[in-house]
Structure formats: C-alpha cells, structure tokens
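So you can see what is in the structure, the chains are spelled out below.
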2 protein chains.
Amino acid sequence: MIDCGEGAQMQLRKSKLKFTRLNHIFISHLHGDHCFGLMGLISTFGMLGRTATLYIHCHAELEHLLVPQLDFFCKGMSYKVVFQTFDPSKAEIIYDDRSLTIETIPLRHRIPTCGFLFSEKQTPAHIRRDMIDFYEIPLYEINRIKNGADYTLPDGKIVPNSKLTIPSAPPRRYAYCSDTIYLPRIISQIHGVDLLFHEATFTQSEQARAKETFHTTAAQAGEIARAAEVKQLLIGHFSARYENESILLQEASNIFPNTLLARETLKISIESVKP
Amino acid sequence: MIDCGEGAQMQLRKSKLKFTRLNHIFISHLHGDHCFGLMGLISTFGMLGRTATLYIHCHAELEHLLVPQLDFFCKGMSYKVVFQTFDPSKAEIIYDDRSLTIETIPLRHRIPTCGFLFSEKQTPAHIRRDMIDFYEIPLYEINRIKNGADYTLPDGKIVPNSKLTIPSAPPRRYAYCSDTIYLPRIISQIHGVDLLFHEATFTQSEQARAKETFHTTAAQAGEIARAAEVKQLLIGHFSARYENESILLQEASNIFPNTLLARETLKISIESVKP
C-alpha cells in the first residue's frame, strides 16, 4: 500500500482486497491525507488477530509520532509493526526481494516527500520442451539454459539459447509521484514505466497556485508522462474545487493521450507486453 | 460532538451540519473507534481557515497523545485547540453555560470510560400579553414576573404568577452511554431523560460475551431504559456480526417499546413536551 489517509481501512474493505495480503506500507510524506489512516488500519488488523509482521516504510519522524500511539492504543497486539525508515531526499532502494525492488523518487513538496518506483525483476526464460527433447538435453542443464546459457551437443556443435527458450515477459514497472511541484528531473528515473501515477491537483489555468502550493497541473503531469515515454498515465490527487474532474483528464490527455483518471477503488491491471 | 472515530469528518460533511457550529468535542474513552478521527477533523478545520477555538473535553492521556501530533501536523493553524481534561471515574459537571450543563456519567468498560448527560436549563416562563394589558402592569415588572413573581395591584390585591404566564417548555435532557458493561447504577443519574443513547453491542444470547468484553446486550439496554423511565431509547454500537440489526431492535423493544436503531447520519429532534 502506498500512503494511508483517513478511512483507508474502509476503502480497503470496500475494495475486497484481502487484508492478510498487505504486509508493506510506503508513506510518501507526512501530511495527514497520506498517513492519518495508519492507526485505524493497524488497530483493526490487531482486532482481526493478524499475526504477520506489518512493515511501515516511512520517514523517521513518523516512527517517532506513531510509536507512543501504538504503545497506548495497541498494547498486547497479536502481531508486530516494524518501521523501516528512509531519507526521502535521495533516490535509494528501500525494498528488495526475489521478484521486486522498490526505490524512492525524491520529489519537491512543502515538506520532505518522495515517490516510489516499483520494478519487477526479469524472470528466467521459458524452456522450449520440444527443443529439449529434440536435442536430448539432460535435465541438469535446464537451469543454466533458463538463465541464458547455450548448449553444446556431444559432437561439439553449439545450439544457441534463443533456439531453446522463449523469452519471459519483460518486467513491469510502476511509478507513484505525489505530492510534488512540476519536477522534470524525475523523468530519467521513471523513463518508460508501464504505469505512472502522478498528482494533478489543478488545471493549467491555476498554474500559479500549483507552484505556490508545490503541486502539479494536469497539463504538467501530461508533460512528464510524455517526456518520460511512459506507457500509461494515471492522474489523481485532485483539488476539491473540481466537481467534474473530466476537465483535468481532458487537459492531461491533450498532451499524453493514454491517460486515466483515478477514482476510489479503481483497479488497473498492468499487462506485461510480450516482446 | 460526542466521540470522533475515524472518518468522522466525512460523516460530518455528509450530514450537512455546518462545521463552524462545532465548538466542543467530548471523548468518552480512548479506544480508536472513539477518537481516531480527531486529527483529521482538526486538520481539515485548519485548512478551511477556522478561527474559533475548538475545545476537546477528554481524559488527560488523550492530550498527551495528541499534542505532539498537533505540534507536527498542525503547525501555524488559524485557530486554537484547547484540551479540557476530566477524571472519567466520577460524575462531575464538565461544561456549563447559560442554557446547558454537561455532566459525566461514570461507566465500566475495559478502560476508563464515561458517558455524558446533557441537561438544558429551565428558561423563564412566557408572559401572557393579554393579562399584562388587562391589569395594566408596567414594563419594569415583566422580568420579575417571567421569573416567577406574583403581581400586586394598586389596591393590594395579588394576581398569582400562574394567571400572568404560560410555563416555558420543560428543559430537555439527553444521556449518552457507550461503551459499558450492563451497569444499573447509572439508572438514577439518567432518570427520566428525553433521549438515552445506549450501546447494545450484542443480543441477549451473547450475554456471556458481552460481560467478558464489558459491553451491553440489547435486552439489557432496554432494561436500563425501562428502569430509568426515559422517554426514548436509541441503541447503537452494534457488533459487526449482525448483518441485520433488526434483531437487536426487536430485543430491546420487547422490554422498552419506544426504541430506535442508530444508523449513520440519523437525526433525531427531541421535542420539548409541553406540560
């Protein structure tokens, strides 16, 4: 989960996602609309008898603010909450497992803020069963071939890896950038991601207000998406002044056509595009 | 406002009540479902440019927990938040103005908890204009008559106050009792109130569970209402296990017929019953 505003536990319930699947929460910055839902979520998990550790990845200040509350409200809970703090001012890998890395994207807002870049790792190629049988390749060679090795036949002839495997799907990448002023320096870091969530608080007509409050306009979000050559842009974090948010969608789409409007409980599947 | 669980600001918005009319919040006890909405509400008021002081009436621990959060999240806010702490273990008047007193009702829950009794003050009687004219009573006598004095005519004859006034509506009283184990000792304090909100977490078939968790059954809430001779009972704080809460209503109504089921954004007008 990225960020956890007030009511996040209600939205999570509404979304029908399994609570037990949530093990890591990443907090972009310490404004209430991005973290006031943590205490409720943590308490509810405790009342449901959760046992798996919950990791909160956040700025050090949040740990200092939450620990006294946890000590008071969540005494004797059935599971542990572990804080993994990071410095939001520099890009660094803050999470790494066998299938995924997560890296911070330093942003510029009124207070220290960062986005997050989720990068899947490349999985090994798929073996072509028919070719393995054809060349009578022994089982103990399969892992090497999966990882890219060619195969040498008993007569010394080399079968290139490309004849023995089908490439696996390319790894997917997702970047989340909110809240931030228009910040072209992020373009290189998020270049080519499959999905970019970018805040679009205002329309371009409110450009001055956007700058003043360290937010981005929908047009600027479109510019970032276009320059970064992302596959899809999802805009969100709209100012409450826009009753009809289609004006924001229109504005971003004019610059970057493949744009979607975020809405509550929206689910997007990121398809891995076969090469 | 009594208690302020997560999402209270959203419910307040939904209820269309004016935010500026809310100046006092009373917290019954420090479980998350009764106070996790405070930070969000306080922050939102700040962003809306509120200027009037907001008073939080609560146990001393809540002030200790909230002040560091306010210092961090609500720096430079346009209004003040003032904590007025009380000891929930004894009945005491914690608020008093020209029209109202508010008194704590010590309850028994897993942690220190109290309810609140809101008592309107008696307003002066209404003057009978026709009788004032008939007896040619001078203007400067009016206030004394409003407050109960008889009037002595120039010939020494006394006109009793009851001929000159119509009694004002009797003051209304509202008691809020949640969360608590079945606690008959509150009956005398809440006797005859116009409206009693009482928790009814379980049905009577879960009486053992209710006792164990320091909650009340719907039947027990009905018993309290009947014994206290209240005018109307509103039950709430239902366990999530009851998909259809009418079973709780049925159970309480069997004992105390004038019972209502609480639901989100429900509004109840308490009519002052003319004597």
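For the structure itself, look to the data block above.
Attention here is on the structure that accompanies the text.

Each value, and the rule that gives it
Residues numbered from 1 in each chain as written. Chains lettered and ligands numbered in written order. Predicted model: local features only at pLDDT ≥ 70, side-chain atom pairs only at ≥ 80, totals over all residues. Heavy atoms only, no water. Helix = DSSP H or I, 4+ residues; strand = E, 2+ residues; numbered from the N terminus. Buried < 20%, exposed > 50% of the residue type's maximum accessible area, 1.4 Å probe, protein only. Contact = heavy atoms within 4.5 Å. Areas by Shrake-Rupley, 256 points an atom, 1.4 Å probe, with all protein chains shown as cover. Lys, Arg positive; Asp, Glu negative; His and termini not counted. Charge placed at Lys NZ, Arg CZ, Asp CG, Glu CD. Pairing = 2+ DSSP bridges. Axes fitted to C-alpha atoms, helices over the stretch in contact; angles between N-to-C directions. Salt bridge = Lys/Arg side-chain N within 4 Å of Asp/Glu carboxyl O. Parallel < 35°, antiparallel > 145°, perpendicular 65-115°, else oblique. Left-handed = near helix turned anticlockwise from the far one by under 90°. Nonpolar A, V, L, I, M, F, W, Y, C, P; charged D, E, K, R; others polar. Least-squares fit on C-alpha atoms with pLDDT ≥ 70 in both. Core = buried A, V, L, I, M, F, W, Y, C linked by side-chain atoms within 4.5 Å.

## Looking at the overall build of chain A
Thought 1: Regarding its fold elements, chain A presents 10 helices and 14 strands.
Thought 2: Here the C-alpha coordinates of chain A stretch approximately 75 × 55 × 35 Å along the principal axes.
Thought 3: When each of the 275 residues of chain A is scored for burial, the buried share is 49%.
Thought 4: Intrachain contacts of chain A at a sequence separation of at least 6 include 66% that bridge at least 24 residues.
Thought 5: Here chain A has roughly 14200 Å² of accessible surface; of this, 53% comes from carbon and sulfur atoms.
Thought 6: Across chain A, 30 positive and 30 negative side-chain charges occur, with their mean positions spaced 5 Å apart.

## Here's the deal with the sheet that holds strand β3 (residues 81-85) of chain A
Residue and element names in this part refer to chain A.
Thought 1: Spatial strand order, β1-β2-β3: three strands in an open sheet with parallel pairing. With one partner strand each, in any of the chains shown, β1 (24-26) and β3 form the two edges of the open sheet. Adjacent strand axes in the sheet meet at a mean angle of 20°, parallel and antiparallel pairs treated alike.
Thought 2: Two strands pair when backbone bridges link them, and β1 and strand β2 (residues 54-58) are joined in this way by three bridges, in the parallel orientation. Across the sheet, the residue bridging to Ile-25 is Ile-56, located in β2.
Thought 3: Against the sheet, helix α3 (residues 38-47) engages β1, β2 and β3, with an angle of about 170° to β2.

## Quick look at the pattern of salt bridges
Thought 1: Applying the stated rule across the entire model yields 18 salt bridges over all chains.
Thought 2: The partner of Asp-96 of chain A in a salt bridge is Lys-121 of chain A, and the shortest N-O contact between them spans 3.1 Å. Taken together, the positions of Asp-96 of chain A in strand β4 (residues 93-96) and Lys-121 of chain A in the loop between β6 (114-120) and β7 (126-127) put the pair 25 residues apart, joining distant regions of the chain.
Thought 3: You can call Lys-121 of chain A partly exposed: its relative accessible area is 30%.
Thought 4: The partner of Asp-194 of chain B in a salt bridge is Lys-231 of chain B, with the nearest N and O atoms 3.7 Å apart. Placement of the pair is Asp-194 of chain B in the loop between β11 (173-177) and β12 (195-199) and Lys-231 of chain B in the loop between α9 (218-227) and β13 (233-236), with a sequence separation of 37 residues.
Thought 5: Asp-194 of chain B sits in the buried class, given a relative accessible area of 11%.
Thought 6: According to the relative accessible area criterion, Lys-231 of chain B is partly exposed, its value standing at 45%.

## Looking at α9 of chain B
Residue and element names in this part refer to chain B.
Thought 1: Across the 10 residues of α9, seven count as buried, placing the element largely inside the fold.
Thought 2: Among all positions of α9, only Ala-218, Ala-219, Gln-220, Ala-221, Gly-222, Ile-224 and Ala-225 are buried.
Thought 3: Elements that come into contact with the buried residues of α9 comprise β12, α8 (207-212), β13 and α10 (246-255).
Thought 4: Within two residues after α9, Glu-229 carries a phi angle of roughly 50°, on the positive side.

## Considerations on the side chain of Ser-43 of chain A
Thought 1: Relative to the assigned elements, Ser-43 of chain A resides in helix α3.
Thought 2: Discounting chain neighbours no more than four positions away, the residues touching Ser-43 of chain A are Cys-74 of chain A together with Phe-36 of chain B.

## Observations concerning the packing of helix α9 (residues 218-227) of chain A against helix α10 (residues 246-255) of chain A
All names here are of chain A.
Thought 1: Interhelical geometry of α9 versus α10 gives an angle of 30° and a closest axis separation of 7 Å. Taken together, the axis directions place α9 and α10 in an arrangement best described as roughly parallel. In this structure, α9 crosses over α10, and the sense of that crossing is right-handed. Contacts between α9 and α10 pair Ala-218, Ala-219, Gly-222, Glu-223 and Arg-226 from the former with Leu-248, Glu-251, Ala-252 and Ile-255 from the latter.
Thought 2: Class assignment of the residues belonging to the contact of α9 with α10 gives a composition of five nonpolar, one polar and three charged.

## Digging into the relation of the copies chain B and chain A
Thought 1: In screw terms, the move from chain B to chain A is a rotation of 180° and a rise of 0.1 Å along the axis, fitting with an RMSD of 0.1 Å. Each copy turns onto its partner about a two-fold axis. No C-alpha of chain B lies nearer the rotation axis than that of Gly-7 of chain B, which sits 2.8 Å from it.
Thought 2: Mapped onto chain A, 95% of the interface residues of chain B are again interface residues, and the two copies thus contact each other with one and the same surface.

## A closer look at the nonpolar core
Thought 1: Membership of the largest hydrophobic core comes to 54 residues, with the highest contact counts inside it found for Ile-27, Leu-38 and Ile-56 of chain A together with Ile-27, Leu-38 and Ile-56 of chain B.
Thought 2: With sequence-adjacent residues up to four places away left out, Ile-27 of chain B is seen in contact with Asp-3, Cys-4, His-34, Cys-35, Leu-38, Ile-56, His-57, Cys-58, His-59, Leu-62, Phe-86 and Phe-116 of chain B.

## Re the sheet that holds β11 of chain B
Residue and element names in this part refer to chain B.
Thought 1: As summarised here, the arrangement of the seven strands in space is β4-β5-β6-β11-β12-β13-β14, forming an open sheet in which the pairing is mixed. The sheet terminates laterally at β4 (93-96) and β14 (259-261), the two strands that pair on one side only. The average undirected angle you get between the axes of adjacent strands in this sheet is 15°.
Thought 2: Inspection of the sheet shows strand β6 (residues 114-120) paired to β11 by four bridges, in the antiparallel sense. Across the sheet, the residue bridging to Ser-119 is Arg-173, located in β11.
Thought 3: Lying on the sheet, α9 is in contact with β12 and β13; it crosses β12 at an angle near 155°.
Thought 4: The sheet contacts of α10 involve β13 and β14, and relative to β14 the element is tilted by about 170°.

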